[in-house]
Amino acid sequence: MPEPDSAPRPTAQAASETERGEPRRLPAQTADPTGHAEPRHFPPQTVSGPALVLILSAAFMVVLDFSIVNVALPSIQRELGFSTSAVQWIVTAYAITFGGLLILGGRAADLFGRRRVFLAGLLVFTASSLSGGLAHDQVLLVASRAVQGMGGALVAPSALSLITTGFPAGSQRNRALGMYGATASIGFVAGQVLGGVLVEFTSWRAVFLVNVPVGIAAVLLAPRLLGRSAPLSGSRRIDGGGAALITLVVAALVYAVSQVDALGWTNARILTALLVSATSAVALFALEWRHQDPLIRFDLLREPGLRKAGVMNLLLGLWNGGEMIVLSLYFQQVLHESPLVTGLAIAPQGVIGFTAGAFGARLARRVGVSRVLVLTSGMAAAGFLILSRLPSGGGYSPLFAAVMIVGFGTAGTAFGTMVIASQAAADDEQGLVGGVINTGRQVGAAIGAALLPAVAQAADHSGRAGSATGDRDAMLTAAAAAALAAVVAWRTRRAVSPLPRP
């Protein structure tokens, strides 16, 4: 086997094939704990059509839960007696456990088998959804949401890695990833609409209980439809120290940015959380650098494709997570629309986003994945620039059609980042890759959910409830994030494909 210095560099033809999303040969060996190379025993798998529908349904259910609960918060607050500050923990508890455990969940899928972790996550998510829907006190509901986030952190990266290992690299995988991105796009927006319908015509409990029949059906069908994914050969175990530290890094960061709007940057709890996150990150680097079988391989994080995908997903999460909150408040507080009408006004973003994901593979085959990323993030920026002219009244405006431009840009960017990230790693690391890019988006969403509403509030100097000045500035901030993503995509579009690792 060649030494690292003598490893052959990819040819121009190989780089071109990777840019178009064509197959790239990845190494078939890794080192066992004794330092000897050992083959990777991942038998070829093919995900059938029904299996793909099952995976996408589970992913839709997890993404739906990000936004569907937000609509129900006022009803929950009234019935269970939450204070205004305490009710936000229904959202924060989910965000902390989901964001904090994504990388661990992805690596667990690599080590112990993707189907096994996928099933475990579905069971946890479904049981906690039932518990939340039946809760009659505050503690049980918040605890259920925290456990629900744990289940989602197992489902999300294992579902993505089931797709990336179930289709050969190239057009087939790109089409499947496009459908995955399309499903996530419409799920995020569908939560606004479905949540409004359920709360208005039934009860807030329905936003939790709606997951139960879907989860039970998925658990029963998964063993029949999904092939058994073998765990890594050899006596490998989860790096417990690394798992604890990465969870602490992300969870403390998510807590800080999700609570800063309520507490302020100088609050002792916020500063403590940021200090814990930074200290844990330093300790994680020191531990993993010396560990024989680390949870996170830092040489993998140096892959250009994964770095680019991570940065762009962080920015995507920022503009997408913050935009939904600002627009929801704008429609309800400035235009005085109901939650249901608000959801319907934002819904075209998800519908067009679904189209972008569904046809993203065809576009990538024609112009290349990097050009798709430049185009779609640029379109998102253009859409936000149009929305920066939001009217202060007068009902529905043609300007609101710009959410469709944002939706196309967001879904297309999500698709492109998944493609380049999955190309950067071998099959036995796809779970970790899924965890990394999902974590980037989740952290970005937490930052955006704190930043954009804060910009809207700070910029509205008039103090009038009907003023849209702050909302316009928030849309400009989102446009800046999308434009920065376009710059990242443009500057790295000629990045050389990762070298095979010895």
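Residues numbered from 1 in each chain as written. Predicted model: local features only at pLDDT ≥ 70, side-chain atom pairs only at ≥ 80, totals over all residues. Heavy atoms only, no water.

**Observations regarding helix α15 (residues 402-422)**
(1) Moving on: End to end, α15 covers 31 Å across 21 residues, agreeing with the expected 30 Å (1.5 Å per residue, within 8%).
(2) Moving on: Across the 21 residues that make up α15, a large majority, 18, are buried. (Helix = DSSP H or I, 4+ residues; strand = E, 2+ residues; numbered from the N terminus. Expected span 1.5 Å × (residues − 1). Buried < 20%, exposed > 50% of the residue type's maximum accessible area, 1.4 Å probe, protein only.)

**Notes on the nonpolar core**
(1) Moving on: In terms of nonpolar packing, the biggest core is built from 113 residues, with F118, I163 and W319 touching the most fellow members.
(2) Moving on: Beyond its immediate stretch of four places on either side in the chain, I163 contacts L52, I55, L56, A176, L177 and Y180.
(3) Moving on: V87, L198, W204 and V207 belong to the second-largest nonpolar core, a separate cluster that totals 18 residues. (Core = buried A, V, L, I, M, F, W, Y, C linked by side-chain atoms within 4.5 Å. Contact = heavy atoms within 4.5 Å.)

**Here's the deal with the packing of helix α12 (residues 304-334) against helix α17 (residues 469-491)**
(1) Moving on: Look at α12 against α17: their axes get within 9 Å of each other, and the N-to-C directions meet at 165°. The pairing of α12 with α17 is recorded here as roughly antiparallel in orientation. α12 and α17 meet at a crossing whose hand is left-handed. Within the contact between the two elements, α12 uses K308, V311, M312, L315, L318, W319, E323, V326, L327, Y330 and V334 and α17 uses D471, A474, M475, A478, A481, A482, L484, A485, V488 and A489.
(2) Moving on: For the contact of α12 with α17, the class distribution of residues is 18 nonpolar, no polar and three charged. (Axes fitted to C-alpha atoms, helices over the stretch in contact; angles between N-to-C directions. Parallel < 35°, antiparallel > 145°, perpendicular 65-115°, else oblique. Left-handed = near helix turned anticlockwise from the far one by under 90°. Nonpolar A, V, L, I, M, F, W, Y, C, P; charged D, E, K, R; others polar.)

**A few points about the packing of aromatic side chains**
(1) Moving on: Inspection of every chain in the model, using the stated rule, returns seven aromatic pairs.
(2) Moving on: Plain terms: the ring middles of Y330 and F331 are 5.4 Å apart, the flat faces sit at 70° to each other, and that makes the pair edge-to-face.
(3) Moving on: Residue classification places Y330 among the buried positions, given a relative accessible area of 0%.
(4) Moving on: Overall, the relative accessible area of 6% leaves F331 in the buried class.
(5) Moving on: Among the aromatic side chains, those forming a connected cluster through ring pairs are Y330, F331 and F400. (Phe/Tyr/Trp six-rings, centres within 6.5 Å; stacked < 30°, edge-to-face > 60°.)

**Comments concerning the pattern of salt bridges**
(1) Moving on: For the coordinates displayed, the defined rule picks out four salt bridges.
(2) Moving on: Of the charged contacts in the structure, one is a salt bridge between R205 and E79, with a shortest N-O distance of 3.0 Å. Residue R205 is found in the loop between α6 (171-201) and α7 (206-209), and its partner E79 is found in helix α2 (residues 49-80); the two are separated by 126 residues along the sequence.
(3) Moving on: Note that R114 and D110 form a salt bridge whose closest N and O atoms lie 3.3 Å from each other. Taken as a pair, R114 and D110 share a single burial class, namely buried.
(4) Moving on: One connected set of salt bridges, linked through shared partners, spans R107, D110 and R114. (Salt bridge = Lys/Arg side-chain N within 4 Å of Asp/Glu carboxyl O.)

**Topic: a positive patch on the surface**
(1) Moving on: Together, R175, R362, R365 and R366 line one region of the surface with positive charge.
(2) Moving on: In terms of residues, the positive patch owes the most to one element, helix α13 (residues 339-367), which gives three residues.
(3) Moving on: Mapped onto the secondary structure, R366 falls in helix α13. (Patch = residues over 30% accessible without salt bridge, like charges linked within 9 Å, V, L, I, M, F, W, Y side chains within 5 Å. Areas by Shrake-Rupley, 256 points an atom, 1.4 Å probe, with all protein chains shown as cover. Lys, Arg positive; Asp, Glu negative; His and termini not counted. Charge placed at Lys NZ, Arg CZ, Asp CG, Glu CD.)

**Some details on unusual backbone geometry**
(1) Moving on: With a phi close to 60°, H336 is a non-glycine residue in the positive phi region.
(2) Moving on: Within the fold, H336 resides in the loop between α12 and α13.
(3) Moving on: Note on H336: relative accessible area 61%, which makes it exposed.

**Describing a nonpolar patch on the surface**
(1) Moving on: On the surface, L130, L134 and L209 cluster together into a nonpolar patch covering about 240 Å² of accessible area.
(2) Moving on: Relative to the elements of secondary structure, L209 occurs in helix α7.

**Regarding the side chain of R173**
(1) Moving on: Its place among the elements puts R173 in helix α6.
(2) Moving on: Those residues in contact with R173 that sit more than four places away from it in its chain are T164, F167, P168, S422, D427 and Q430.

**With respect to the confidence of the model for the chain**
(1) Moving on: When pLDDT is averaged along the chain, the result is 79; 84% of the residues meet or exceed 70.
(2) Moving on: Per-element averaging of pLDDT across the chain places strand β2 (residues 37-39) at the bottom with 37 and helix α4 (residues 114-134) at the top with 94.
(3) Moving on: The low-confidence segment residues 1-44 (pLDDT under 50) makes 82 contacts with residues lying over four places distant or belonging to another chain.
(4) Moving on: When the criterion is pLDDT under 50, residues 496-502 qualifies, and its contacts beyond four places in sequence or with other chains add up to 28 contacts. (pLDDT = per-residue confidence, 0-100.)

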